[in-house]
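# Descriptive analysis of the structure
Listed below are the residues making up each chain.
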Amino acid sequence: MAKKNTKTQPAARQILDMNAFDAETSASTSSPLLQRRIANVGASAVLFYREPLEMVSASGSWMTAADGKRYLDFYNNVPSVGHTHPRVVAAVTDQISKLNINSRYLSSVVDLYLDALKATFPASLSNVVLSCSGSEANDLALRIAAATSRGTGIIVSENAYHGNTSIISDISPSALKRRKLPDHVVTVPAPSHAGQSGSIENAFAADMTRAIAELERRGHKFSAFICDSIFSSDGVYADPPGFLRKAVEIVHKAGGLYIADEVQPGFARTGEAFWGFARHGVVPDVVTMGKPMGNGFPMAGLTTRPDLLARFCEDTGYFSTFGANPVAAAAGMAVLNVIHDEQLQDNALRQGKHITARLLDLAAKDDRIAEIRGAGLFLGIELCRPGQKEQPDAELASSVINGLKDRGVLIGAAGRFGNTLKVRPPLSLTEQEADIFVDRLEEALSAIAAT
Ligand code: PMP
């Protein structure tokens, strides 16, 4: 393919704006349901796609739209063991028809679940707090860090997204529009080869040292480093395993906590480990989790060391009405059982390798694919101008996403410029479904090249 000699710096994009419906440019605002949605939720509408989809049902890796068209779900990061998994549905249905109460009563199903969940973590992380959203879990994690360090300085990756509460929006560069990051928040680039020589581990450690010094210079006592263990909104950075180790040592030496945000990579998605941080051989002080935890039943939480939680609880009373309810526990337990019984971690590893091998073949033929990154069923496909790896092409990513949708595959974008396709199918993906994705991707790329 011919090289275009264009060198314009693309605009940075927010994570929620990627592949988002835009009422001003869309042709489909005439749809009555779309009009109702916009009338109901106003400026907070966050619909996907130039022409939003109305979904009516889903099963396994597939979703069915109102017009009967079926879509292969490669966007998936919640119904991770498969849409409407019968064992999760049965567990929730059974529990809600028996008992649903708050955590101020004892209920054995909750402790059965907490024991099973804890068995997936290093032994030091022996206290769990359940909540209803990943944002709420991260909010509590930051408050635990503040109570421990008596500081407020936070380090995040450049395009991090950690949620929607007030203090968490402040540490989510990828969510801020006109507002700037507050003074007590300093960023580090995602661990990648970009712009540096030498090992990723050493470069990331040096960035951490600089960020801690910058907080000190600004007069903010260092409290915590929080990162998504696969740097999803930064564009998916997984390799080499272990690259977090030195940075985490530096964080600890400086008196800060390391918070692993596992909302995206957790629950076996990376194939190589049940938790993303485990691939890096580090033990966090706090781990937060959410999305796939209940396969769609809204639940989230954190795990930490008892001493850290006790320090926070001395300062502040903490209770969540819906956190740790027995129905959530039943959903969570069913998810853990399905991952185990259906060997979904192994499947994530196997299918991830299969997709990666096929994508590398595709990249060898198509010079608009700059890089394939990731682990297990969490991959990033970075798209660039033809033959110009350093020139991200967000327009191409957007066209591919919409081209895939037309061909019955749903997928999202990530990265600073929105030029990385996020490959994130259910962990129950079959090889045949994996092949459908790569075939459709090749078709979509060819169709765009031909126009
Ligand atoms: N952390 C990460 C890494 C996330 O991707 C998200 C959600 N996209 C959150 C936290 C917040 O989770 P929730 O939307 O459940 O509040």
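Nothing here was measured: the structure is a model prediction, and the numbers come from that model.

## With respect to the site of the ligand
The environment of the ligand is made up of Ser133, Gly134, Ser135, Asn138, Tyr161, His162, Gly163, Asp228, Asp261, Val263, Gln264 and Lys291. In the environment of the ligand, an oxygen atom lies 2.4 Å from a nitrogen or oxygen atom belonging to the side chain of Ser135. Between an oxygen atom of the ligand and a side-chain N or O atom of Gln264, the distance comes to 2.7 Å. The biggest single contributor to the shell around the ligand is helix H4 (residues 134–149), with three residues. Here the residues of the shell around the ligand sort into two nonpolar, seven polar and three charged.

## A look at the pattern of salt bridges
In the structure shown here, the tally under the stated rule is 21 salt bridges. Put simply, Arg217 and Glu214 hold a salt bridge, and the shortest N to O gap is 2.8 Å. Placement of the pair is Arg217 and Glu214 together in helix H6 (residues 200–218), with a separation of three residues, close to one helical turn. The exposure class assigned to Arg217 is exposed, which follows from its relative accessible area of 62%. Across the pair Asp307 and Arg311 runs a salt bridge, and its minimum N-O distance is 4.0 Å. Linking Asp307 with Arg311, this pair stays in helix H8 (residues 306–315), spanning four residues, or about one helical turn. Residue Asp307 is classed as partly exposed on the basis of its relative accessible area of 37%. Here the residues in one salt-bridge network are Asp183, Glu214, Arg217 and Arg218, joined through shared partners.

## Thoughts on the nonpolar core
Within the largest apolar cluster, 98 residues are counted, with the highest numbers of intra-cluster contacts made by Tyr113, Phe225 and Phe437. Among the elements that make up this core, the one with the highest residue count is helix H9 (residues 326–341) (11 residues). Excluding residues within four positions of it along the chain, Phe225 makes contact with Ile155, Val188, Phe204, Met208, Leu244, Val251, Leu257, Tyr258 and Ile259.

## Examining the packing of helix H2 (residues 86–96) against H9
Where H2 meets H9, the axes come as close as 8 Å, and the angle between the chain directions of the two elements is 155°. In terms of axis orientation, H2 runs roughly antiparallel to H9. H2 and H9 meet at a crossing whose hand is right-handed. Only Pro326, Val327, Ala330, Ala331, Ala334, Val335, Asn337, Val338 and Asp341 of H9 make contact with H2, whose side of the interface consists of Arg87, Val88, Ala91, Val92, Gln95 and Ile96. Here the residues of the contact of H2 with H9 sort into 11 nonpolar, two polar and two charged.

## Brief notes about the packing of aromatic side chains
Taken as a whole, this structure holds 15 aromatic pairs when the rule is applied. A centroid spacing of 6.5 Å and a plane angle of 90° characterise the contact between Tyr49 and Tyr75, whose relative ring orientation is edge-to-face. Residue Tyr49 is located in the loop between helix H1 (32–41) and strand S1 (55–59), and its partner Tyr75 is located in the loop between strand S3 (70–73) and H2; the two are separated by 26 residues in the primary sequence. For the pair shown, Tyr49 and Tyr75 are each scored as buried.

## Quick look at the domain arrangement of the chain
Domain parsing of the chain yields domain 1 (15–47 + 59–81 + 344–450) and domain 2 (86–341). With 30 residues of domain 1 at the contact, the number on the domain 2 side is 32 residues. Considering only the side of domain 1, the residues that lose the most area to domain 2 are Val81, Gln345 and Phe378, jointly responsible for 26% of the buried surface there. Summed over the shared surface of domain 1 and domain 2, the result is zero salt bridges. A class-by-class count of the residues in the side of domain 1 that touches domain 2 yields 15 nonpolar, nine polar and six charged.

## Thoughts on the side chain of Ser131
Its location among the elements puts Ser131 in strand S4 (residues 127–131). Taking the relative accessible area as the measure of exposure, Ser131 reaches 5% and is therefore buried. Polar side-chain contacts of Ser131 include one of 3.4 Å to the backbone oxygen of Ser133. With near-sequence residues (within four places) excluded, Ser131 lies in contact with Glu136, Ala137, Met299, Ala300, Gly301 and Gly323.

## Section: helix H11 (residues 394–406)
Between its terminal C-alpha atoms H11 stretches 18 Å, which fits the 18 Å expected from 13 residues at 1.5 Å a residue. Burial analysis of H11 places 10 of its 13 residues in the buried class, which makes it a mostly covered element. By the burial criterion, the buried members of H11 are Ala394, Leu396, Ala397, Ser398, Val400, Ile401, Asn402, Gly403, Leu404 and Lys405. A side-chain oxygen of the first residue of H11 lies 3.2 Å from the backbone nitrogen of Glu395; this N-cap is Asp393. The first or second residue beyond H11 is Gly408, which carries a positive phi of 85°.

## Notes on H2
Counting along an α-helix, one turn takes 3.6 residues, and residues three or four places apart therefore face a common direction. When H2 is considered as a whole, its buried residues turn out to be Val88, Val92 and Gln95. Within H2, the buried residues cover an arc of 75° as seen down the axis, which keeps them to one side. The secondary structure elements touched by the buried residues of H2 are helix H3 (108–118) and H9.

Rules used throughout
Counting of residues starts from 1 at the beginning of each chain's written sequence and follows it residue by residue. For a predicted model such as this one, the threshold for reporting local features is a pLDDT of at least 70, and the threshold for listing and counting side-chain atom pairs is 80 or more; totals across whole chains, interfaces and linings nevertheless cover every residue. Side-chain descriptors were evaluated using all non-hydrogen atoms of the structure, hydrogens and water having been removed beforehand. The cutoff for a nearby residue is simple: one of its non-hydrogen atoms must lie within 4 Å of the molecule or strand. Counting of polar contacts relies on pairs of N or O atoms within 3.5 Å, with two restrictions inside protein: one atom must be capable of donating a hydrogen and the other of accepting it, and residues adjacent in sequence are counted only when both atoms are side-chain atoms. In DSSP terms, a helix is any run of H or I states spanning at least four residues, a strand is any run of E spanning at least two, and both are numbered starting from the N terminus. Only Asp, Glu, Lys and Arg are considered charged in this grouping, and only Ala, Val, Leu, Ile, Met, Phe, Trp, Tyr, Cys and Pro are considered nonpolar; every other residue, Gly among them, is considered polar. Salt bridges are identified by distance alone: a Lys or Arg side-chain nitrogen within 4 Å of an Asp or Glu carboxyl oxygen. Per-residue accessibility, obtained with a 1.4 Å probe over protein chains only, is compared with the maximum for each type, and a residue is labelled buried under 20%, exposed over 50%, and partly exposed between these values. Here, the term nonpolar core denotes a set of buried Ala, Val, Leu, Ile, Met, Phe, Trp, Tyr and Cys residues that are joined through side-chain atoms within 4.5 Å. Should any heavy atoms of two residues lie within 4.5 Å, those residues are considered in contact. To define axes, lines are fitted to C-alpha atoms, for helices over the stretch in contact only, and angles between the resulting N-to-C directions are given on a 0 to 180 degree scale. Reported orientations rely on four angle classes, namely roughly parallel under 35 degrees, roughly antiparallel over 145, roughly perpendicular from 65 to 115, and oblique for the rest. For a crossing to be left-handed, the near helix must be turned anticlockwise from the far one by less than a right angle; the clockwise case is right-handed. Classification of ring pairs uses Phe, Tyr and Trp, with its six-membered ring standing for Trp, and accepts pairs whose centres are within 6.5 Å; under 30 degrees between planes counts as stacked, over 60 as edge-to-face, and the remaining range as tilted. Domain extents, as shown, originate in an automatic or database domain assignment. Take the accessible area each of two parts loses on contact, using a 1.4 Å probe, and add the two losses: that sum is the buried area. The span one expects for a helix is its residue count, reduced by one, times 1.5 Å. What the arc covers is the set of directions going from the helix axis to the C-beta atoms.

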